[in-house]
Amino acid sequence: MALLPEVKADYGKLKNFVNGEWVESSTSKYLDIENPTTAKPIGQVPMTTTDETNAAIEAAREAWQSWRETPPITRARLMFRLKEIMEGHFENIARIMVQEQGKTIDEARGETRRTIENVEVAAGIPSLMMGYNLEDGAASGIDEEAVVTPLGVFGAICPFNFPAMIPFWFWPYAVASGNTFILKSSKQVPLTQAYIFKLVEEAGFPPGVVNLLNGSHEVADAMMEHPSMKGISFVGSTPIAKYVYKKSAENGKRVQAQGGAKNSLIVMPDAVLPRTVSNMLASFYGCAGQRCLAGANLIAVGDVAEPVLNKFVEGAKKIKVGYGLDESVNMGPVVSGAAKKNILGYIEKGIEEGAKLVLDGRGIKVPGYEAGHFIGPTVFKDVTPDMTIAKDEIFGPVVAFMAMDTLDDAIEFVNSSPFGNAASIYTQSGRSAKDLRYNVHAGNIGINVGVVAAMAFFPFGGFKDSFFGDLHGQGRDAVTFYTDRKVVITRWF
Ligand code: NAD
């Protein structure tokens, strides 16, 4: 099938968007941005310095006073405008993601839709931000009210796997609530936000209200250290989430830090098999397994083990791997050579520890893209709970298949993981579904659904080592995170 045309944006040296202007970084350190399908550079990303980060935070702080005085309905109108502009660029946003991240065009279109939905929800800020009051609340003739108020400058530090959507779990809510914002995109996939920020510029937010910085941990550290930053939203791996949680708290910031995952999908003997298998294939292999909601362990309970494994492997063999701009492709490459090496290391480890490789995705060749970072669908059977591949986050298209006797065994295994992002069950029994949702310690539960993707108006985040903090991203939780409640008691003599 013919490829969709690539987006020919200005992919030279990326600039930062600070105080309403596109500014070239003074750094001498630029990294190549790579298309993971071709392994060719498609642009360069600056490693923005601490001084430049501090200057952006100062600009955001200066912009804050007049922004918080801008009525919520006026702030909301900018969100409506941004939504309209983004709709006009929908396909380009999706294609740029394919070009720099490697996901398929369908996956990228889905992500673009989820991205815009966060703008739509944030446009409801006049209702979302309302406080509450109680006549005679303090005593007869003395009223009491809780006024919701923004706090200042917030920032987000984002991962590579959802280049468009994850920044939008945060900044539209913070900005609509009357805060100003610093976004640090992932240095592996900075093009998508660079493209979107042209649209943010066009929407007409006042200078300094939303700022985009490219770079690495130097930018993140400066954000966590600067006294004017009120809080940090983070999404990435668990070790960095822990570090960000600790460091931000030490510096007196609010913090919400989303970490890694190792999600189990449990199939009960009464599951509707064909639909269960196709749903699971999308969970395990969508985005080449690089989703924090992706299935990682497939657990079959009781005598369904053999048919589930056979049908799953049969389906996995049919997955077409290639360039995501080909609409017939089901799975793209992983994001980089380093990611591929890491995943191949886990496959080696699985073999070494005694699991049996029933589908081997190593050595896959995609004609025309021989240098691409491809790994085909991979399935291990005879995996036991103590094996590394059953415990560690692999973040690639590798499935660990386990057979267990009872649902209780499966739940016990799920709860033994340090991660708690998501868990799913496939069953026709309400009792089994209830047992899972009640007993599993995870933030996202799927009943006959393998990717528990929360919509923009629901909070999104995990438990245990998958999340550090209390308030999650998106929806009302995000508004609460980015605001405080000022209690006012009024008496008129
Ligand atoms: P990562 O932890 O390597 O990087 C995330 C961000 O942290 C990047 O912006 C990076 O520049 C920054 N960073 C890296 N090292 C840092 C340091 N020492 N100090 C400060 N900042 C630092 O994650 P990644 O590889 O980009 O993304 C994949 C990970 O993200 C996976 O573990 C995945 O499960 C997780 N993830 C979680 C969720 C969720 O909602 N829980 C969603 C998406 C991805």
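Basis of the calculations
Residues numbered from 1 in each chain as written. Predicted model: local features only at pLDDT ≥ 70, side-chain atom pairs only at ≥ 80, totals over all residues. Heavy atoms only, no water. Near = heavy atom within 4 Å. Polar contact = N/O pair within 3.5 Å; in protein donor to acceptor, adjacent residues only side chain to side chain. Areas by Shrake-Rupley, 256 points an atom, 1.4 Å probe, with all protein chains shown as cover. Nonpolar A, V, L, I, M, F, W, Y, C, P; charged D, E, K, R; others polar. Domains from an automatic or database assignment. Helix = DSSP H or I, 4+ residues; strand = E, 2+ residues; numbered from the N terminus. Expected span 1.5 Å × (residues − 1). Buried < 20%, exposed > 50% of the residue type's maximum accessible area, 1.4 Å probe, protein only. Axes fitted to C-alpha atoms, helices over the stretch in contact; angles between N-to-C directions. Parallel < 35°, antiparallel > 145°, perpendicular 65-115°, else oblique. Left-handed = near helix turned anticlockwise from the far one by under 90°. Contact = heavy atoms within 4.5 Å. Disulfide = S-S within 2.5 Å. Buried area = accessible area lost by both parts, 1.4 Å probe. Salt bridge = Lys/Arg side-chain N within 4 Å of Asp/Glu carboxyl O. Patch = residues over 30% accessible without salt bridge, like charges linked within 9 Å, V, L, I, M, F, W, Y side chains within 5 Å. Lys, Arg positive; Asp, Glu negative; His and termini not counted. Charge placed at Lys NZ, Arg CZ, Asp CG, Glu CD. Core = buried A, V, L, I, M, F, W, Y, C linked by side-chain atoms within 4.5 Å. Pairing = 2+ DSSP bridges.

Here the focus is the site of the ligand. Near the ligand there are 25 residues, and of these Cys158, Ser237, Gln258, Gly259 and Glu393 occur at the shortest range. Within the contact set of the ligand, an oxygen atom lies 2.6 Å away from a side-chain nitrogen or oxygen of glutamine 258. Glycine 259 places a polar main-chain atom, nitrogen or oxygen, 2.8 Å from a nitrogen atom of the ligand. Surface burial for the ligand is 86%, taken as the share of its 850 Å² of free accessible area covered by protein chains. Per-class residue counts for the shell around the ligand are 15 nonpolar, 8 polar and 2 charged. When we break the shell around the ligand down by domain, the ones giving at least three residues each are domain 1 (16-259 + 466-491) and domain 2 (263-447).

With that settled, the discussion passes to helix H8 (residues 191-203). Along its 13 residues, H8 runs 19 Å from first to last C-alpha, staying within 8% of the 18 Å computed at 1.5 Å per residue. Counting buried positions along H8 yields 10 of 13 residues, so the element is predominantly enclosed. Considered for burial, the residues of H8 that qualify are Leu191, Thr192, Gln193, Ala194, Tyr195, Ile196, Phe197, Leu199, Val200 and Ala203. One or two positions beyond H8, positive phi appears at glycine 204, with a value near 90°.

Across the interface, helix H11 (residues 273-285) lies against helix H12 (residues 305-317) with an axial gap of 10 Å and an inter-helix angle of 55°. Regarding the angle of H11 to H12, the classification is oblique. Where H11 crosses over H12, the two elements pack in a sense that is right-handed. Contact residues: Leu273, Val277, Met280, Leu281, Phe284 and Tyr285 in H11; Pro307, Val308, Lys311, Phe312, Gly315 and Ala316 in H12. The class makeup of the residues in the contact of H11 with H12 is 10 nonpolar, 1 polar and 1 charged.

Locating threonine 48 in the fold gives a position in the loop between strand S4 (40-46) and helix H1 (50-68). Of the polar contacts made by the side chain of threonine 48, one reaches the backbone oxygen of asparagine 214; its length is 2.5 Å. Discounting residues that sit within four places of it in the chain, threonine 48 has contacts with Asn16, Ser25, Thr53, Leu213, Asn214, Gly215, Glu218 and Val219.

Our next topic: the state of the cysteines. Simply put, the disulfide is a covalent bond whose two ends are the sulfur atoms of two cysteines. Throughout the structure, instances matching the rule amount to 0 disulfides. For the unlinked cysteine cysteine 292, the closest cysteine sulfur is that of cysteine 287, found at 10 Å.

Let's shift gears to the packing of H1 against helix H9 (residues 217-225). Packing of H1 against H9 leaves a shortest axis separation of 9 Å and a crossing angle of 45°. In terms of orientation, H1 and H9 fall into the oblique class. Between H1 and H9 lies a crossing of right-handed hand. Together, Thr50, Thr53, Asn54 and Ile57 of H1 and Glu218, Val219, Ala222 and Met223 of H9 make up the contact between the two elements.

With that settled, the discussion passes to the domain arrangement of the chain. What the domain assignment reports for the chain is domain 1 (16-259 + 466-491) and domain 2 (263-447). Summarising the inter-unit geometry, the C-alpha centres of domain 1 and domain 2 are found 31 Å apart. Listed as interface residues are 22 residues of domain 1 and, on the opposing side, 26 residues of domain 2. Buried area between domain 1 and domain 2, both sides added, is near 2,000 Å², and the carbon and sulfur share of it is 60%. Across the domain 1-domain 2 interface, the total number found is 1 salt bridge. Where arginine 109 meets glutamate 327, a salt bridge forms, and the shortest distance between an N and an O atom there is 3.0 Å. If you look at where domain 1 meets domain 2, you find 9 residue pairs in polar contact (both at pLDDT 80 or more). Those elements giving two or more residues to the side of domain 1 that touches domain 2 turn out to be strand S3 (30-35), helix H3 (90-101) and helix H4 (105-122). A per-element tally of the side of domain 1 that touches domain 2 places H3 first, with 4 residues. Of the residues belonging to the side of domain 1 that touches domain 2, the class tally is 6 nonpolar, 11 polar and 5 charged.

This part is about the environment of valine 23. Positionally, valine 23 belongs in strand S2 (residues 21-23). Note: C-alpha distance between valine 23 and leucine 213 (190 residues apart in sequence) is 9.8 Å. In contact with valine 23, not counting residues within four places along its chain, are Lys15, Asn16 and Val18.

Here the focus is a negative patch on the surface. Taken together, the side chains of Glu135, Asp136, Asp143 and Glu145 define an acidic patch exposed on the protein surface. Put simply, the parts of the chain that give the negative patch at least two residues each are strand S5 (132-139) and strand S6 (142-150). The class of glutamate 135 is exposed, set by a relative accessible area of 65%.

With that settled, the discussion passes to the nonpolar core. Counting 141 residues, the largest nonpolar core has Leu82, Trp171, Phe181, Phe205, Ile266, Met280 and Tyr285 as the members making the most contacts within it. The dominant element in this core, judged by the number of residues it contributes, is H8, at 8 residues. Shared between two domains, this core takes at least three residues from each, and those domains are domain 1 (16-259 + 466-491) and domain 2 (263-447). Beyond its immediate sequence surroundings of up to four residues, methionine 280 is in contact with Leu265, Val267, Leu298, Val308, Phe312 and Tyr426. One finds Val219, Met223, Met224 and Met229 within the second-largest nonpolar core, a separate group that totals 20 residues.

With that out of the way, let us pick up the sheet that holds strand S19 (residues 444-447). Read across the open sheet, the 7 strands follow the order S14-S15-S16-S13-S12-S18-S19; overall the sheet is mixed. With one partner strand each, in any of the chains shown, strand S14 (356-359) and S19 form the two edges of the open sheet. Direction aside, the axes of adjacent strands within the sheet are offset by 25° on average. Where strand S18 (residues 422-426) lies against S19, 4 bridges are found, and the strand directions are parallel. Pairing of isoleucine 425 across the sheet is with isoleucine 447, part of S19. Of the strands in this sheet, S14, strand S15 (378-381) and strand S16 (398-404) touch helix H13 (residues 337-352), which is tilted by about 25° from S15. Strands strand S12 (263-267), S18 and S19 of the sheet are contacted by helix H16 (residues 430-439), whose axis makes an angle of about 170° with S18.

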